[in-house]
Amino acid sequence: MKEIYKHKIAQSSFLITGGAGFIGSNLVEQLLASDAKKVRVLDNLSTGYLYNIEPFLQKPNFEFIEGDIRDLKTCQDALQGIDYVSHQAALGSVPRSINDPITSNAVNVSGFLNMLVAVKENTQVKRMVYAASSSTYGDSKVLPKVEETIGKPLSPYAVTKLVNEIYADVFAKSYGTDTIGLRYFNVFGPNQSPNGAYAAVIPLFMQALKDGQSPNIHGDGEQTRDFTFVTNAVNANINAFFAETDAANHVYNIACGERISVNQLWKGLQQAANIVMEATYVPPRPGDVRDSLADISKAKNLLGYHPEVKVKEGLQKTWDWFSRE
Ligand SMILES: NC(=O)c1ccc[n+]([C@@H]2O[C@H](COP(=O)([O-])OP(=O)(O)OC[C@H]3O[C@@H](n4cnc5c(N)ncnc54)[C@H](O)[C@@H]3O)[C@@H](O)[C@H]2O)c1
């Protein structure tokens, strides 16, 4: 992180929605480690966990509001005295959105709109950084993915994330709202939960290694992803808070800029854990994209983003954390 940002963090108050979740709690930890003036979390604990923020509850510069972004007043109240917002709260997972599109839409679209309205009304808030998604590239076959060329969404989840970007753009034009969207590509790391029907692939693989039970690989395992260690996503948020005005009201790919197949990922994890195990191949999942690789030059140029932790190092760090839990 740039030295100048440490100084700015110490002078600023932050609201992290979804701060009890995976990415949000990592961001909270980094902001508190940099002596932020105030860090407030708004989370309804639907997919996040109190234990992710438990270590911070006693800190005088930390506040937790248990509340729901589907309620406008809750969003308005949470923004009192805040300079910068990182809006991470959403229901993730493509399969979840296919099973229950109404709830995914209510949280990811109506909740997002509430946050935008609350930010627009609040004169103190300087910028809202928000979690966009690589799912927005949808059926586009173009590789690497460049921000300006997207396809059609392949799931209700992807629709919600695309609508977020459209609303952010329209709010900039209609009300002068300042936002930055970060299109995360398969983020992984400590605090990512292996629990529930909609867990992501890396914690699922790690749980399988820990339990000595063969994990499922959907399809032939040759689908590729640009896996991104969470520290890179956290630093992208911090860079985005303080980036120059000409970087505002854009979306950015946040990734490593390298792709590996799910089969390679499984192999890499076995190496990190020093365990050998066969995976079980099951049918592909509807709505999943085949290949994903990001062009990260826009984030490098305009946000000063640099993916400091590469996949191999990130997998080892994540396994070391996971095996201790
Ligand atoms: N993890 C990834 O690879 C990835 C990739 C692309 C985009 N994203 C996006 O990044 C953001 C964070 O994802 P994550 O992986 O940390 O997920 P997560 O589920 O761990 O965190 C989301 C948090 O939002 C909270 N939340 C959900 N609904 C809420 C509501 N109605 N009101 C208040 N809080 C609510 C949850 O309790 C949880 O703590 C999400 O917007 C997600 O769509 C994640």
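All of these numbers come straight from a predicted model, not from anything done at the bench. (Residues numbered from 1 in each chain as written. Predicted model: local features only at pLDDT ≥ 70, side-chain atom pairs only at ≥ 80, totals over all residues. Heavy atoms only, no water.)

Chemist: Help me understand the UniProt feature "domain: NAD(P)-binding" (unreviewed entry) in the protein chain, please; the structure alone is not making it clear to me.
Modeler: Using the residue numbers shown here, the UniProt feature "domain: NAD(P)-binding" (unreviewed entry) corresponds to residues 15-318. The span residues 15-318 carries 38% helix and 16% strand; its end-to-end C-alpha distance comes to 26 Å. (UniProt positions renumbered as here; feature names shortened; annotations may be inferred. Helix = DSSP H or I, 4+ residues; strand = E, 2+ residues; numbered from the N terminus.)

Chemist: Would you mind showing me how to read the packing of aromatic side chains here?
Modeler: Between two aromatic rings, the relevant description is the distance of the centres plus the angle of the planes. This model, assessed by the stated rule, comprises 17 aromatic pairs. Where Y5 meets F242, the ring centres are 5.3 Å apart and the plane angle is 40°; that geometry is what we call tilted. One end of the pair, Y5, is in helix α1 (residues 3-10); the other, F242, is in helix α8 (residues 230-242), and 237 residues separate them in sequence. On the basis of relative accessible area, Y5 is assigned to the buried category, the value being 6%. Measuring from ring centre to ring centre gives 6.0 Å for W321 and F322, while their planes differ by 65°; the resulting arrangement is edge-to-face. Among the residues examined, W321 registers a relative accessible area of 16% and is labelled buried. A relative accessible area of 4% means that F322 is categorised as buried. Each residue in the set Y5, F14, Y84, F241 and F242 is aromatic and connected to the rest through ring pairs, giving one cluster. Just above the ring of Y175 sits the side chain of K120; from NZ or CZ to the centre is 4.5 Å. In this arrangement the basic side chain of K298 is found over the ring face of Y252, its NZ or CZ atom lying 5.0 Å from the centre. (Phe/Tyr/Trp six-rings, centres within 6.5 Å; stacked < 30°, edge-to-face > 60°. Buried < 20%, exposed > 50% of the residue type's maximum accessible area, 1.4 Å probe, protein only. Lys NZ or Arg CZ within 6 Å of the ring centre and 35° of its normal.)

Chemist: Please clarify how the nonpolar core should be interpreted in this entry.
Modeler: Across soluble globular proteins, nonpolar side chains show a tendency to be buried alongside one another. Of all hydrophobic cores here, the largest spans 68 residues; its most connected members are F14, L31, L182 and L303. By residue number, the principal contributor to this core is α8, which donates eight residues. Once you skip the residues sitting within four places of it in the chain, L182 turns out to touch V129, Y130, A131, A132, S133, A236, N237, A240, Y252, I254 and L303. Of all hydrophobic cores here, the second largest spans 24 residues; its members include L15, L79, I82 and V117. (Core = buried A, V, L, I, M, F, W, Y, C linked by side-chain atoms within 4.5 Å. Contact = heavy atoms within 4.5 Å.)

Chemist: Explain the pattern of salt bridges here, please?
Modeler: Opposite charge on two side chains permits pairing when their charged atoms draw close. Counted under the stated rule, the structure contains twelve salt bridges. When the shortest N-O distance is used, the salt bridge between E148 and K298 registers 3.4 Å. Taken as a pair, E148 in the loop between β5 (127-133) and α6 (156-175) and K298 in helix α10 (residues 297-303) lie far apart in primary sequence, 150 residues in all. (Salt bridge = Lys/Arg side-chain N within 4 Å of Asp/Glu carboxyl O.)

Chemist: Sorry if this is basic, but what is going on with the environment of V163 here?
Modeler: Tracing the sequence through the fold places V163 in helix α6. On the basis of relative accessible area, V163 is assigned to the partly exposed category, the value being 24%.

Chemist: What's the story with the packing of α1 against α8 in this structure? I'm lost.
Modeler: In helix packing, the relevant descriptors are the interaxial angle and the interaxial distance, both defined with respect to the helix axes. Viewed as axis vectors pointing N to C, α1 and α8 meet at an angle of 75°, and their least axial separation amounts to 11 Å. When the axis of α1 is compared with that of α8, the two are roughly perpendicular. Across the interface between the two elements, Y5, K8 and I9 from α1 touch I238, N239 and F242 from α8. Considering only residue class, the contact of α1 with α8 consists of four nonpolar, one polar and one charged. (Axes fitted to C-alpha atoms, helices over the stretch in contact; angles between N-to-C directions. Parallel < 35°, antiparallel > 145°, perpendicular 65-115°, else oblique. Nonpolar A, V, L, I, M, F, W, Y, C, P; charged D, E, K, R; others polar.)

Chemist: How do you make sense of the sheet that holds strand β1 (residues 13-17) when you look at a structure like this?
Modeler: Strand pairing in a sheet is mediated by backbone hydrogen bonds. Such pairs are either parallel or antiparallel. An order of β3-β2-β1-β4-β5-β6-β11 is seen for the seven strands of this open sheet, with the pairing classed as parallel. In this open sheet, the two strands that pair with only one neighbour each are β3 (62-66) and β11 (250-254). With strand direction ignored, the average angle separating the axes of adjacent strands in the sheet is 20°. When strand β4 (residues 84-87) meets β5, the two strands line up parallel, connected through four bridges. Within β5, the residue paired with H87 across the bridge is Y130. Sheet strands in contact with helix α2 (residues 22-33) are β1, β2 (38-43), β3, β4 and β6 (179-184), and its direction is about 165° off that of β1. Across the sheet, α6 touches β5, β6 and β11, and the angle it forms with β5 is around 150°. (Pairing = 2+ DSSP bridges.)

Chemist: How do you make sense of the side chain of Q223 when you look at a structure like this?
Modeler: With respect to the secondary-structure elements, Q223 resides in the loop between β8 (216-218) and β9 (224-225). A distance of 3.1 Å separates the side chain of Q223 from the backbone nitrogen of G221, its partner in a polar contact. (Polar contact = N/O pair within 3.5 Å; in protein donor to acceptor, adjacent residues only side chain to side chain.)

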